[in-house]
Structures are given as structure tokens and as C-alpha cells.
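# Examination of the molecular architecture
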Amino acid sequence: STDFQVIGGTGVVSDNTVEAINEIYNPTPDGDQASEVESIESVGLNQIKVIFNGKVDSDTAEEVTNYKVDGTQLTDKEDKDSDATASLQDDDKTVLITLADKQDQNDEVDVTVKKGILSEDKSNTIPEFTQTVTFSDTTAPTLDSVSVRGNNKLDVKFSEPVKAQGTSEKSALQNVVSKLKINDKNLSSFGINYELDGDELKYSALDDAVKASDGNYYYTDEVELYFDTDLPTGDNVLKISDADDDI
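To keep things clear, this report deals only with the structure shown in the data block. Keep in mind it's a predicted model, so treat the numbers as computed, not measured. (Residues numbered from 1 in each chain as written. Predicted model: local features only at pLDDT ≥ 70, side-chain atom pairs only at ≥ 80, totals over all residues. Heavy atoms only, no water.)

Moving on, we get to the overall build of the protein chain. Each helix and strand in the protein chain was counted, giving three helices and 18 strands. Counting across all 247 residues of the protein chain, residues that qualify as buried make up 40%. Taking all contacts inside the protein chain whose residues are at least 6 apart in sequence as the whole, residues at least 24 apart take part in 62%. (Helix = DSSP H or I, 4+ residues; strand = E, 2+ residues; numbered from the N terminus. Buried < 20%, exposed > 50% of the residue type's maximum accessible area, 1.4 Å probe, protein only. Contact = heavy atoms within 4.5 Å.)

Right under this line is the structure:
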């Protein structure tokens with residue numbers, strides 16, 4: 001902590017100002033900081049949900065080398081050719097790890113969270129934790145949520161990773177879009193922005209996607225769609241065509 005003295009007394013500097021300065025230099029600890037892993041479970045056949053007992057630091061929680069599956073450390077090649085991606089969710093306690101390869105139905109696999117993940121305020125190092133996870137998937141993915149951002153962006157989240165056919169991020173996203181409709185009109189008719197920055201999409205995106213090991217498709221559980229024109233105002237209905245995890 002940092003000690004300081006206010007010169008001039010409360011007649012010059014108010015108590016509220018002193019308290020505000022104190023909070024900057026000696027912030028009140030957040031009681032919701034993680035100290036351990038609470039649970040690990042599977043989501044479908046190629047996603048793992050890790051839940052901590054409090055908030056964790058995003059940088060260390062999303063570093064895939066901090067996790068092992070079946071005794072093997074996951075690797076990050078800093079692109080979508082990695083064997084997994086890890087994404088900290090909005091609650092700052094849940095990490096979803098999407099694997100490039102599916103596990104077999106009813107496979108029992110040891111999943112390890114290595115010692116290296118920090119609490120959000122970086123005051124705690126989470127101890128290593130291993131749990132045996134059974135992979136199982138008996139239902140098709142569904143639309144989990146649709147969020148509208150302004151007049152020209154949609155965030156579409158699925159209940160589990162879907163397999164988007166395509167050897168590039170753009171072609172994979174186009175295949176996802178081909179299954180979606182707004183008010184019974186193909187989504188592509190609204191002018192989706194597929195502008196590229198090098199080989200990657202600049203605006204629209206496959207969020208936290210990982211490229212399958214054979215290179216012919218991507219796994220993703222969320223897509224961001226930017227449109228070149230404003231979407232219709234008022235109530236709109238988004239539908240997805242019948243499909244299994246192959247989109």
C-alpha cells in the first residue's frame with residue numbers, strides 16, 4: 001500500500017477527495033477473486049468448460065498452454081492453426097476451451113488446469129487441478145443467443161461449437177451465413193462485410209475459432225456479423241436451417 005499526507009486540512013481538501021485518492025493508490029480488494037478451480041466439464045465432443053471459484057486474469061486464463069488434455073499440453077501457434085483456443089466468458093470466472101479435434105463419444109479424459117493462471121487482481125496463483133471429464137454429445141447445436149449491436153452488427157452464439165466448412169475463415173463464415181435467415185430472407189441479402197486484413201476477416205469474425213487438424217473446416221461457437229447496410233428496424237426473427245454440427 002501507499003501512504004500519503006494531505007497538506008492543508010479538510011478546509012482545503014474534502015474528505016471525499018481524500019477517500020477517492022486513497023481508493024486509487026490502495027484499492028479495496030475485490031472479494032470475488034479466484035483461489036481455485038471449481039469444476040471442469042465437457043460441452044459436446046470438442047469443448048471444455050472450466051469454472052473457477054472467482055474472477056481470473058484474462059491473459060493467463062486464455063493462454064492455452066496452461067491446460068493439458070489427456071496428459072498433453074495444449075499449444076498455441078498464435079493463429080487459427082493452433083490445437084485449441086481458450087476464451088474467458090463475461091462472468092470472468094468461466095473459460096471455454098475449444099479443441100481442434102473431437103473426442104470420441106463417452107471418452108473419459110483427464111483435463112488439467114496447470115499452475116500458472118492468476119486471479120483477476122493477480123494476487124493469487126491458482127493451484128494445479130485435474131479432473132476426469134466424460135465427453136458426450138447426443139443433441140444437435142442450437143442458437144443460444146442473438147445480440148444486436150447498433151444497426152449493422154449481429155452476435156450469434158451457439159449452444160456448442162459448430163463445424164463450419166471452409167479452408168479459410170472467410171469461406172467458413174460464408175457457410176455459417178448460408179444457414180441463417182432474417183424474416184425468411186437469406187442473411188447474405190443484407191450485405192455482410194467480408195473485408196479481409198491479410199488472410200483474416202477485418203470486421204466480421206468467427207469468434208475464438210480453431211481450425212480443425214485436417215484444415216478443411218473451423219470450430220466456433222460464436223460469430224460476429226457486420227453488415228454494409230442497416231438492418232431492418234423493429235422486431236426481426238433470425239432462423240437457422242436444420243443442421244447437425246456440420247454447417
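It is worth spelling out the sheet that holds strand 2 (residues 47-52) at this point. Spatially, the four strands line up as an open sheet ordered 1-2-6-5, and their pairing is antiparallel. Both outer strands of the open sheet, strand 1 (37-42) and strand 5 (84-88), are each paired with one neighbouring strand and no more. With direction set aside, neighbouring strand axes in the sheet form an average angle of 15 degrees. Relative to strand 6 (residues 94-99), strand 2 is paired through five bridges, and the arrangement is antiparallel. Bridged to Lys49 within strand 6 is Leu96. (Pairing = 2+ DSSP bridges. Axes fitted to C-alpha atoms, helices over the stretch in contact; angles between N-to-C directions.)

Next up on the list: the environment of Ser136. Here Ser136 shows up in the loop between strand 8 (129-134) and strand 9 (143-148). Other than its neighbours up to four places away in sequence, Ser136 contacts Ser42, Gly44, Leu45, Gln105 and Asn106.

Time to look at helix 3 (residues 169-177). Of all the positions in helix 3, only Glu169, Ala172, Leu173, Val176 and Val177 are classed as buried. Seen end-on, helix 3 carries its buried residues on one side only, within an arc spanning 145 degrees. Buried-residue contacts for helix 3 involve strand 10 (153-165), strand 11 (180-182), strand 14 (200-201), strand 15 (205-206) and strand 17 (217-226). (Arc of directions from axis to C-beta.)

Tallied over the entire structure, the rule returns two aromatic pairs. Ring geometry for Tyr217 and Tyr219: centres 5.5 Å apart, planes at 85 degrees, overall edge-to-face. The class for Tyr219 is buried, based on a relative accessible area of 2%. A cation over an aromatic ring shows up here: Lys163 above the ring of Tyr217, its NZ or CZ 4.4 Å from the ring centre. (Phe/Tyr/Trp six-rings, centres within 6.5 Å; stacked < 30°, edge-to-face > 60°. Lys NZ or Arg CZ within 6 Å of the ring centre and 35° of its normal.)

Here we come to the environment of Val37. The residue Val37 is located in strand 1 in this model. You can call Val37 buried: its relative accessible area is 6%. Apart from the residues within four sequence positions on either side, Val37 is in contact with Val50, Ile51, Phe52, Val113, Ile126 and Phe129.

All right, on to the side chain of Ser204 then. Among the structural elements, Ser204 can be located in the loop between strand 14 and strand 15. Classification of Ser204 as buried rests on a relative accessible area of 1%. A polar side-chain atom of Ser204 sits 2.8 Å from the main-chain carbonyl oxygen of Asn193. Here the side chain of Ser204 touches Tyr226 through a polar contact of 3.0 Å, landing on its backbone nitrogen. What Ser204 contacts, discounting residues up to four positions off in sequence, is Leu173, Ile192, Asn193, Glu224, Leu225 and Tyr226. (Polar contact = N/O pair within 3.5 Å; in protein donor to acceptor, adjacent residues only side chain to side chain.)

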